[in-house]
Every structure is written in C-alpha cells, then in structure tokens.
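Below are the chains, spelled out letter by letter.
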Amino acid sequence: GENVEQHPSTLSVQEGDSAVIKCTYSDSASNYFPWYKQELGKRPQLIIDIRSNVGEKKDQRIAVTLNKTAKHFSLHITETQPEDSAVYFCAASKDTGFQKLVFGTGTRLLVSP
Amino acid sequence: DSGVTQTPKHLITATGQRVTLRCSPRSGDLSVYWYQQSLDQGLQFLIHYYNGEERAKGNILERFSAQQFPDLHSELNLSSLELGDSALYFCASSVVQWGGELFFGEGSRLTVL
C-alpha cells in the first residue's frame, strides 16, 4: 500500500521567510496529492491540492510542486506570517479504485514575529 | 464550520468498555472517512465508506468496527478499549468517492482510563 514520508517534522522560521515542506510517496500510481493545515486544537482543512497531470500549482502565498519521476512533492509558503503557524500534513492517493488517502506524519511550522 | 457533525465531542471511559462515535456528513456527501489521531501523531486512516458500502480499510483493529447507514451517517464502534485507544477520532466527508477534498468534523476525543 501507499506510504508517505514527510520532512521536516518541525520547522521554525522568522516572519517573512519562506518555508518548504517535502513529502515522498511510494506508490507510483498515486495521482492525487492534497495538503492539509491543522491549527492547534482544530480540525484539518485542505489548503491546496495537485493532481499528477500538472507539475505546479499556486494559490497566493502557497504553492505545491510535484515530481512524479522522483515520487516527491513539496509545499512552499512564501512571506510567512504568524497565522501560518500550524501542523501541515501531506497526503497521497489514487483517485480511482478502492483507495485510501494516506497522510504523512505532519510538519509543525512555527513562524516567529 | 465544515458541516460535518461528530458526537460526542469528549468521552471518558474505562478499559474494557465499548463506545460508539457518531458522524453526520455534510449534506450531499456520500463518502465518510474515519481517522485516528493520537497525541502529537499524524492522521491514521481507519476506514472509508461510500454510499453505505465499505470502500477501503486501513490498519483498523479487529476490536473496531464501523458502518454507514442509509441516511449516510456513520458510526465507529470501539470495543474492549485499551489505554492506547485514547486519541482524537476524526470523521471526514467528501462529495466524491475518491480524490476529492475531505471536510473534517471537529473530532471526538476519547480518553480511556
């Protein structure tokens, strides 16, 4: 089955800096890669996703890149703000068949003012 | 508010007991997922139902079972509880069967003493 590894487990940056979180997946047939943000004590929420027919997707200060050959994808946050502080989870699955959405272990991002 | 309702929000029980967690998905969503999140841990996939039928199963213990009813609400039953079952149990729903955004509920926090 699918296995997703996520690095780093914690990331501390200064406000205004960029943050990059990286994930690798094991199943080359996976084609759907979402990122979820979980603020302290709250539920996870989707912030961006990418499918395997594109290599990059941007939404304001966040972007996701996908390298299918290397089986890794990354989340990029530019101009970080204190409200970006949260745990970020990557995930991977196929979008057909009897598949499960497998999450990485999470990255705790701390943005210091 | 994601539109996904989970009850109870908090539950404290003793080892060996049985509990039932309930989830009502967003209106119109046919998919229901259950995830377990232990303290400072990631999101462990338990099971996925679509329109009443089981679609995928993760490393769900035999002591755990779930079902989705005709009205699309779902229940997760946990029996012979152990201390290690203490966790936050999330339900999430999606409008599609696979490869779509998951809308998480607020979670049910289970404490086993």
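For the structure itself, look to the data block above.
Please read all numbers here as calculations on a predicted model, not as lab measurements.

Details of unusual backbone geometry
1) Next: Along the chain, His7 of chain A connects to Pro8 of chain A via a cis peptide bond; the corresponding omega equals -5°.
2) Next: With respect to the helices and strands, the residue Pro8 of chain A is situated in the loop between β1 (4-7) and β2 (10-14).
3) Next: Each neighbour pair has its own omega, and for Thr7 of chain B with Pro8 of chain B the value is -10°, a cis peptide bond.
4) Next: Summarising the element assignment, Pro8 of chain B is placed in the loop between β1 (5-7) and β2 (10-13).
5) Next: The backbone of Leu72 of chain B sits at a positive phi, close to 80°, despite the residue not being glycine.
6) Next: Examined against the element boundaries, Leu72 of chain B turns out to sit in the loop between β7 (64-68) and β8 (74-78).

Examining the pairing of strand β4 (residues 32-38) of chain A
The side chains of a regular strand alternate, residue by residue, between the two faces of the sheet.
All names here are of chain A.
1) Next: Counting buried residues in β4 gives 7 out of 7 residues, a clear majority hidden from the surface.
2) Next: Neither face of β4 is open: one carries Tyr32, Pro34, Tyr36 and Gln38, the other Phe33, Trp35 and Lys37, and all of them are buried.
3) Next: Sheet analysis places β4 next to strand β5 (residues 45-51), joined by 6 bridges and oriented antiparallel. Its bridge partner lying in β5, Tyr32 is registered against Arg51.
4) Next: The hairpin turn running from β4 into β5, its antiparallel successor, is 6 residues long, and Gly41 in that turn takes a positive phi close to 75°.
5) Next: Two elements, β4 and strand β9 (residues 86-92), share 4 bridges in a ladder whose sense is antiparallel. Of the residues in β9, the one forming a bridge with Trp35 is Cys90.

A closer look at the sheet that holds strand β7 (residues 62-67) of chain A
All names here are of chain A.
1) Next: Strand order in the open sheet formed by 5 strands is β1-β3-β8-β7-β6, and the pairing between neighbours is antiparallel. Every other strand in the sheet has two partners, leaving β1 and β6 (56-59) as the edge strands with one partner each. Neighbour to neighbour, the strand axes of the sheet diverge by 15° on average, direction disregarded.
2) Next: Examined bridge by bridge, β7 and strand β8 (residues 72-77) share 6 bridges and lie antiparallel to one another. When the sheet's bridge partners are listed, Asn67 is paired in β8 with His72.

Some details on the pairing of strand β11 (residues 107-112) of chain A
All names here are of chain A.
1) Next: Judged by which residues are buried, β11 turns out to be one-sided: Thr107, Leu109 and Val111 face inward and are buried, whereas Arg108, Leu110 and Ser112, on the alternate face, are not.
2) Next: Looking at chain direction, β2 and β11 are connected through 5 bridges and run parallel. By the bridge assignment, Leu11 is partnered in β11 with Leu109.
3) Next: Pairing of β9 with β11 involves 3 bridges; the strand directions are antiparallel. Each residue of the ladder has a partner; that of Tyr88, found in β11, is Thr107.

What counts and what doesn't
- Residues numbered from 1 in each chain as written.
- Chains lettered and ligands numbered in written order.
- Predicted model: local features only at pLDDT ≥ 70, side-chain atom pairs only at ≥ 80, totals over all residues.
- Heavy atoms only, no water.
- Helix = DSSP H or I, 4+ residues; strand = E, 2+ residues; numbered from the N terminus.
- Buried < 20%, exposed > 50% of the residue type's maximum accessible area, 1.4 Å probe, protein only.
- Pairing = 2+ DSSP bridges.
- Axes fitted to C-alpha atoms, helices over the stretch in contact; angles between N-to-C directions.

Everything listed here is a matter of coordinates, which is why it stays silent on function.
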